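Below are the chains, spelled out letter by letter.
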Amino acid sequence: MLKRLNGEDDMTGAEVAIRDADFPVPFVSGLEYNAPARGPWNIVHTGMLIPESHHVFACAQGCLRGVVLTAAEMLAMDRMSWISVDKSDLFDGSLERNIVDGTAEIIRKLPKKPRAVLLFISCVHLFAGCDFEVMLDELRAMFPDIDFIDCYMNPTMRKSGLTPDQLMRRQLYAPFAPCPADPKTVNLIGNDRPTDASSELVQLIGNAGRELRDITQCRTYDEYMRMAKSQLEITYLPTAKASGDALEKRLGRKHLYLPLSYDFDEIERNLGILADALGVPAPDWTGAKRKAVRALEQAKAVIGDTPVEIDYTATPRPVGLAALLAEHGFRVTRVYTDAMIEEERPAFERLRALAPELLLTATVHAKMRFAGKGVHERGDVLAVGQKAAYFSGTKHFVNIVSGGGMYGFDGVVRLAERMADAAMHEQDTETVIQYKGLGCRSCL
Amino acid sequence: MKQTARIISIHAADTSGVCSMLYELGGMVVVHDASGCNSTYSTHDEPRWYRQDSMIYISALTETDAILGNDEKLIADIAAAAKDLSPNFIAVCGAPVPLLAGTDFPAIAAEIEARTGIPAFGLHTSGMHSYLAGASEALEAVVSHFCTEALPRTDAPSANIIGATPLDFSVNGAVESVIGWLKKSGFELVSCMAMGSTLDDIRCASAAHVNLVVSSCGIAAAELLRKRFGTPWIAGVPVGEKFSARLASALKTAAASGGCALPCAERDASAPGRKLAIPGEAVFSGSLAAAIEVDLGTPCRVLCPLEAEDRLLAPGDLRIFDEDAASAAFAEASGVIADPMYAPVCPPDVPFFRLPHEAFSGRCYRKESLNLIDHPLPWRF
């Protein structure tokens, strides 16, 4: 086993007390490490949400390997095909031809024709100036009864606009064309798991007499396409916002971005906006707030002074969650995040005042290779998120990604309950966090 | 159709081969790419990732840096990390975008070495070749840099194992079994390249009397050792009972005569008739084919979907470069021994025997992986 040569405590550059941290990027970028926490979804998991669809990835062998085995692990190889890019393809003008011919051949060989084909191109195609539209036009002419969706696996461009994850969530709804709206239906857009039915968001929509549609609950392509008719688009994950914006622009529907929050005022504000849009009076949330506070108090009674560590894969607002917990007496000691979203600024300032010694810790910094599995032993820890579990070495953790479907005051209640449960029960961290795409089927 | 697959998997890429081969040697490996390579490698191609530390990193290349040719960021980031972590060496290699941008990795490595004083080498990966190409070049570079001194041969017969990675051998005790078999056959182990040995062990490689190449990714390094120190090599994996004995005999002959041999390819699959088809890496699959023929009397044919020199294949073996070719070859076979991810293209009337290969199916079937080294074969045909 390799040992850190400059001393175990030298985490300079990889962690910083929040009082000294820059916002939104507290760390200098450099070489990156990849922690073995595999729960967050990738573009394959997300794309597979479209029922009766087939995926064709066109990219280099190294890139194909990851997406093909993602599909294999989720027992979905019957929905995954590929076209590899060879060096010569880059220079002999055959890139587009190979993709069109390869995709057509794959479709002809499928035992059942898919309703939609998600065709992914990669960084090299974009660098080489591939004309994706021409390819898609040709395929659409060949297979007029199939919806072709242009998709992108282009991590090199992740800082040049939308990230691949944001792009994928946007393209997830690309087949939706303008059509008359159904005023009785509302879409929840861009999520990779259902939102708890007990959340105020779902309850409010149901109580307003609207039907909630969500791709995570569509079983057929027809069901999925019916989402195009919904009158209102709601997103609450930052990575889904671009999806809602695109639908608003293309379909002329109203889009509400009601960000997942742990700030009671913001939660109430969001629910108020939703009530307005639904044309119903905003309920009095006093009881819901009281319930959330009580749940936090009960969790605190179980967790006591055990240090709490949170990572950014558990929720897009790890700093906001840390602030809420710190405000309710929890001993939050560390937040793992390489950068913060602008939405986190108010919580960052609150937390800086409340817990100035709290550490912000990078997850990809080169030194983090040697910080995993509790190497920096610091007693028992309650972790929220898989990376926090890995780096702290704890067996007590809340196993969620992207907010875990918990939203609103009810989301706070549920999360507090999950934290208390995690404090009382151990998990096999090494096994659990290595399953890819939390919530998906797995062959492992 | 060439380069197209409806349902089968794809082999690990050259960048993973580099990382896998260098994993245990205390060096820093940097893949110049956006992010995907590192995640793919550490998830699917590297069973040691969770429990065994290493210094495998990604450069986190961005579009802007690629277009503007900002190699200085890569060099500075590597130098900064190397200062913190003091690796034994630094290897830097690239994925498709650096290939398009014409990134000069040997030049970058030279600059890194000048700044850090740490041996550095650049490799020519592109993410468009198999793991064998990357592993081969990486190991050859290590041997070239660190096996420079002609040490006296050990008193007792000895050998290096060359070309071992989890991509071909998993982490199921197979490599330890090869080492045990070597000892049983009268050879001390000098080093195993590159599982279970340190860089210092590998520095002593010239002390061995003979080299055992266990994967085609070891051929280039073995050839370099032959040219540099006159060490003969033989290619084969001790699978089954009689073939293992044949391989031990070949090792002794090579150590005594100085001549190289390829027992894995000393077969003839050109006779007419249906044969057992074995797709996979040439040295292992050839060894398995030979073992089945001598232990069980069943004729075999290797199907090679990966890079391999012609001399590693026997007459009648077949190169298969796509799913259609695999399917057609399976249809002509008496049976197929292959990774389970080939099963969907095997005709239902052809018996299929599962033999997981980590370089093809990653961790999907790791629980089923078989250690066939120096053991009776588990099948009856």
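No experiment lies behind these values; they were computed from the predicted model shown.

**Points about the pairing of strand S6 (residues 158-162) of chain B**
Residues and elements named next belong to chain B.
And then number 1: Burial runs high along S6: five of the five residues are buried.
And then number 2: With burial as the criterion, each face of S6 is covered, one bearing Ser158, Asn160 and Ile162 and the other bearing Ala159 and Ile161.
And then number 3: By the bridge criterion, five bridges tie S6 to strand S7 (residues 188-193) in an arrangement that is parallel. Following the sheet pairing, isoleucine 162 is matched in S7 by methionine 193.
And then number 4: For S6 and strand S8 (residues 210-213), the ladder comprises four bridges, and the chain directions are parallel. Considered in S8, the bridge of isoleucine 162 is made with valine 213.

**As for the packing of helix H12 (residues 286-303) of chain A against helix H16 (residues 408-424) of chain A**
Residues and elements named next belong to chain A.
And then number 1: Relative to each other, H12 and H16 sit at 10°, their axes nearing to 8 Å. Viewed along their axes, H12 and H16 adopt a mutual orientation that is roughly parallel. Between H12 and H16, the residues in contact are Ala288, Lys289, Lys291, Ala292, Ala295, Leu296, Gln298, Ala299, Val302 and Ile303 and Phe409, Asp410, Val412, Val413, Ala416, Glu417, Met419, Ala420, Ala423 and Met424, respectively.
And then number 2: Residues belonging to the contact of H12 with H16 are distributed by class as follows: 15 nonpolar, one polar and four charged.

**A closer look at the domain arrangement of chain B**
All names here are of chain B.
And then number 1: Under the domain assignment, chain B is made up of domain 1 (14-146), domain 2 (158-261) and domain 3 (265-368).
And then number 2: The C-alpha centroid of domain 3 is placed 23 Å from the C-alpha centroid of domain 2.
And then number 3: With 17 residues of domain 2 at the interface, the matching set in domain 3 holds 16 residues.
And then number 4: Mapped onto the side of domain 2 that touches domain 3, the elements with two or more residues apiece are helix H8 (166-169) and helix H12 (242-257).
And then number 5: Examining the composition of the side of domain 2 that touches domain 3, we find that three residues originate from one element, H8, more than from any other.

**Structural notes on the pairing of strand S3 (residues 80-84) of chain A**
And then number 1: For S3 of chain A, a buried count of five out of five residues is recorded, marking the element as mostly surrounded by other parts of the structure.
And then number 2: Burial along S3 of chain A is two-sided: Met80, Trp82 and Ser84 of chain A and Ser81 and Ile83 of chain A, pointing in opposite directions, are all buried.
And then number 3: With five bridges connecting them, strand S2 (residues 53-59) of chain A and S3 of chain A associate as parallel partners. Bridged to valine 56 of chain A within S3 of chain A is serine 81 of chain A.
And then number 4: The β-α-β motif built from S2 of chain A, the intervening helix H2 (residues 61-73) of chain A and the parallel element S3 of chain A has right-handed crossover chirality.
And then number 5: Strand direction decides the pairing type here: S3 of chain A and strand S1 (residues 4-5) of chain B, joined by two bridges, are antiparallel. Within S1 of chain B, the residue paired with isoleucine 83 of chain A across the bridge is threonine 4 of chain B.

Rules behind the numbers
Residues numbered from 1 in each chain as written. Chains lettered and ligands numbered in written order. Predicted model: local features only at pLDDT ≥ 70, side-chain atom pairs only at ≥ 80, totals over all residues. Buried ≥ 20, exposed ≤ 12 C-beta atoms within 10 Å, placed from the backbone. Helix = DSSP H or I, 4+ residues; strand = E, 2+ residues; numbered from the N terminus. Pairing = 2+ DSSP bridges. Axes fitted to C-alpha atoms, helices over the stretch in contact; angles between N-to-C directions. Parallel < 35°, antiparallel > 145°, perpendicular 65-115°, else oblique. Contact = placed C-beta atoms within 7 Å. Nonpolar A, V, L, I, M, F, W, Y, C, P; charged D, E, K, R; others polar. Domains from an automatic or database assignment. Right-handed = clockwise from strand over helix to strand, strands pointing away.

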